[in-house]
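Per-entry structural report
So the chains spell out like this:
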Amino acid sequence: MTQTKIGEANVNNGTATTTYTIPGDATTGSHTLTGVLIQNDNYKRGEGSTTLAIRIATITTVSDVIASHGETVAFTAHVTDTGSNNLPSNAGQVQFQLAGDNIGSPVTIGNNGTATLNYEIPSGTADQAAITANFIQNDTYAGSNSVAGTLHLRQATNVSITNKYANRGDTVTITADVTDGNAGNVTSGSAILYIDNVQQGTESVTSGSVSFTYEVANDAQSGNHTIRIEYQQNNDYDAATGTATLQIRIPTILTAVNVSGNAETTQESVPVTVNVKDENNNTVQTGSVGITIGSEQEVIVAVNSNGEATTTYLIPSNATGTITFTARFIQDNNYQSSTMVTAGVITIRKGTVITMESINAVRGENITLTATVKDTDNNNVTSGTVEFELE
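Residues numbered from 1 in each chain as written. Predicted model: local features only at pLDDT ≥ 70, side-chain atom pairs only at ≥ 80, totals over all residues. Heavy atoms only, no water.

**A few points about the overall build of the protein chain**
Each helix and strand in the protein chain was counted, giving zero helices and 32 strands. In terms of C-alpha radius of gyration, the protein chain reaches 50 Å, well past the compact-globule figure of 21 Å for 391 residues. Reported as C-alpha extents along the three principal axes, the dimensions of the protein chain are approximately 190 × 40 × 30 Å. Burial statistics for the protein chain: of 391 residues in total, 31% are counted as buried. Relative to all contacts within the protein chain whose residues are 6 or more apart in sequence, the contacts with residues 24 or more apart total 56%. For the protein chain, the accessible surface area stands at approximately 24000 Å², while carbon and sulfur atoms represent 43% of it. Separation of charge centres in the protein chain, based on 15 positive and 36 negative side chains, amounts to 4 Å. (Helix = DSSP H or I, 4+ residues; strand = E, 2+ residues; numbered from the N terminus. Rg over C-alpha atoms; globule rule 2.2 N^0.38 Å. Buried < 20%, exposed > 50% of the residue type's maximum accessible area, 1.4 Å probe, protein only. Contact = heavy atoms within 4.5 Å. Areas by Shrake-Rupley, 256 points an atom, 1.4 Å probe, with all protein chains shown as cover. Lys, Arg positive; Asp, Glu negative; His and termini not counted. Charge placed at Lys NZ, Arg CZ, Asp CG, Glu CD.)

**Considerations on the sheet that holds strand β16 (residues 171-180)**
One open sheet holds the three strands; their spatial order is β14-β16-β19, and the pairing between them is antiparallel. Looking at strand neighbours, the two that pair on one side only are β14 (157-161) and β19 (209-215), the edges of this open sheet. Averaged over all neighbouring strand pairs, the angle between strand axes comes to 25°, with direction disregarded. Bridge count between β16 and β19: seven bridges; the pairing is antiparallel. The residue bridging V172 from the neighbouring strand is Y214, located in β19. (Pairing = 2+ DSSP bridges. Axes fitted to C-alpha atoms, helices over the stretch in contact; angles between N-to-C directions.)

**A word on the pattern of salt bridges**
As enumerated under the stated definition, the model contains eight salt bridges in all. Of the charged contacts, one joins R168 and E279 as a salt bridge, the two residues approaching to 2.8 Å between their closest N and O atoms. Here R168, found in the loop between β15 (164-166) and β16, pairs with E279, found in the loop between β24 (269-278) and β25 (288-293); they are 111 residues apart in sequence, far enough to count as distant. Of the charged contacts, one joins D377 and K350 as a salt bridge, the two residues approaching to 3.9 Å between their closest N and O atoms. Taken as a pair, D377 in the segment after β32 (371-375) and K350 in the loop between β30 (344-349) and β31 (352-356) lie far apart in primary sequence, 27 residues in all. On the basis of relative accessible area, K350 is assigned to the exposed category, the value being 52%. The structure contains a network of salt bridges with shared partners spanning K350, D375 and D377. (Salt bridge = Lys/Arg side-chain N within 4 Å of Asp/Glu carboxyl O.)

**Focus on the environment of F325**
Mapped onto the secondary structure, F325 falls in strand β28 (residues 322-330). In the structure, F325 is positioned 184 residues away from Y141 in sequence and 99 Å away in space, judged by C-alpha atoms.

**Considering the sheet that holds β24**
Pairing is antiparallel in the open sheet, where three strands are placed in the order β22-β24-β27. Each having just a single partner strand, β22 (252-257) and β27 (308-314) make up the two edges of the open sheet. For this sheet, the mean angle separating the axes of adjacent strands, direction not counted, is 25°. Where β22 meets β24, six bridges bridge the pair, whose relative direction is antiparallel. The residue bridging V257 from the neighbouring strand is T273, located in β24.

**Observations regarding the nonpolar core**
Nonpolar side chains tend to gather and get buried jointly when the protein is soluble and globular. Counting 26 residues, the largest nonpolar core has F75, V94, F96, I121 and L151 as its most contacted members. Secondary structure elements with two or more residues in this core: β6 (65-67), β7 (72-81), β8 (93-98), β9 (101-108), β10 (114-120), β11 (129-135) and β13 (149-153). In terms of nonpolar packing, the next biggest core, distinct from the first, is built from 25 residues, A191, Y231, A244 and I248 among them. (Core = buried A, V, L, I, M, F, W, Y, C linked by side-chain atoms within 4.5 Å.)

**Quick word on the layout of surface pockets**
Approximately 1400 Å³ is the volume found for the largest pocket. Taken together, 37 residues line the largest pocket, and the ones lying closest to its centre are T4, I6, G7, L33 and T34. Within the residue set of the lining of the largest pocket, elements represented by two or more residues are β3 (29-37) and β4 (46-54). (1 Å grid on protein atoms, 1.4 Å probe; cavity = no way out; pocket = protein on both sides within 12 Å on 5 of 7 lines; lining within 4 Å. Points joined across faces, edges and corners; volume = space filled by probe spheres on them.)

**Notes on the packing of aromatic side chains**
How two aromatic rings sit relative to each other is set out by the distance from centre to centre and by the angle between their planes. Considering all chains together, one arrives at five aromatic pairs under this definition. Ring geometry for F75 and F96: centres 6.5 Å apart, planes at 65°, overall edge-to-face. Taken together, the residues F75 in strand β7 and F96 in strand β8 connect sequence positions 21 residues apart. The exposure class of F75 is buried, given its relative accessible area of 0%. What makes F96 buried here is its relative accessible area of 0%. Geometrically, the ring pair formed by F75 and Y119 is edge-to-face, given 5.9 Å between the ring centres and 75° between the ring planes. In this pair, F75 is assigned in strand β7 and Y119 in strand β10, connecting sequence segments 44 residues apart. Cation over ring: R228 sits above Y194, and NZ or CZ is 4.2 Å from the ring centre. (Phe/Tyr/Trp six-rings, centres within 6.5 Å; stacked < 30°, edge-to-face > 60°. Lys NZ or Arg CZ within 6 Å of the ring centre and 35° of its normal.)

Honestly, that's just the spatial picture; any functional story needs more than this.
Quick look at the structure:
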């Protein structure tokens, strides 16, 4: 094989030293390096050899990683030669390190001089841990170590929502508290509102809170609906979801039970009852009804298991004609407020005067019994039944 002189040096105290710049286009691989002592008056020619391995210098860089504990993410390194040319596929392998420890097995260079390792972040990994990538020297390429990159860990988040109650047609504000793993306020990012799995809108999170305006449809189904608010993962915070219930109150319908009573010097008490039904004519068995009789103060009455709200009324001794009463259902979490469309009526019975004429009769005779029935105003009574009794 042809030997090419690349330099010479004088021997000084048993050592001959010179420098040599390896050409940029030198053939990589193993070369035989020979040193020849030129024969002189004192020493014969001598020769010794060793191996010179020529490799292409490399530069390795590593990308920062944003991840969460337990998340599998891609660690990526980029390897070039000193001319910024990407190493070809299969040109070598890269060993990744996290916080100074090897992670995974060496990864073979792929397209565009990149090497990628998918790795799950252990739960105990510290935020801002150093990431390094080391290109492993081989026969063609020299090894190189990257400058450290950084692992940025997202903070855990929590979304908390309070149950909401509304009527059809209402506009309600639905608010969620968004906190980090240390119960501190999350001050950035966005969240999405879903009602019964239907997306309603996206809003920004500020000062640990996010609020949405939601309009309940006029034809919304009464009962329970699911609220879900999803905080969206970003570079700083993990994704998180909170749920609650939106209860659409059931409409109520009130009807009066009309009643009659007497105005006596002893003052008669009568029951005043309001029936409570829902929009499907089902009996409402809970809640409260406010009943107002005439000019009296409202009385709050509980609805019983029969769907009735009943109070008693002491008829004034001087009452005449009719007394009306109104009612309202007091809104609660389950049932919507309502007022009774048609007022109830307490009819005060009028006194009556019955007169009968004397009758003379004999045994076996068929006689006609007649009673004249007037009210206390001397008006003819127009309804009712008279029972005739004989002593």
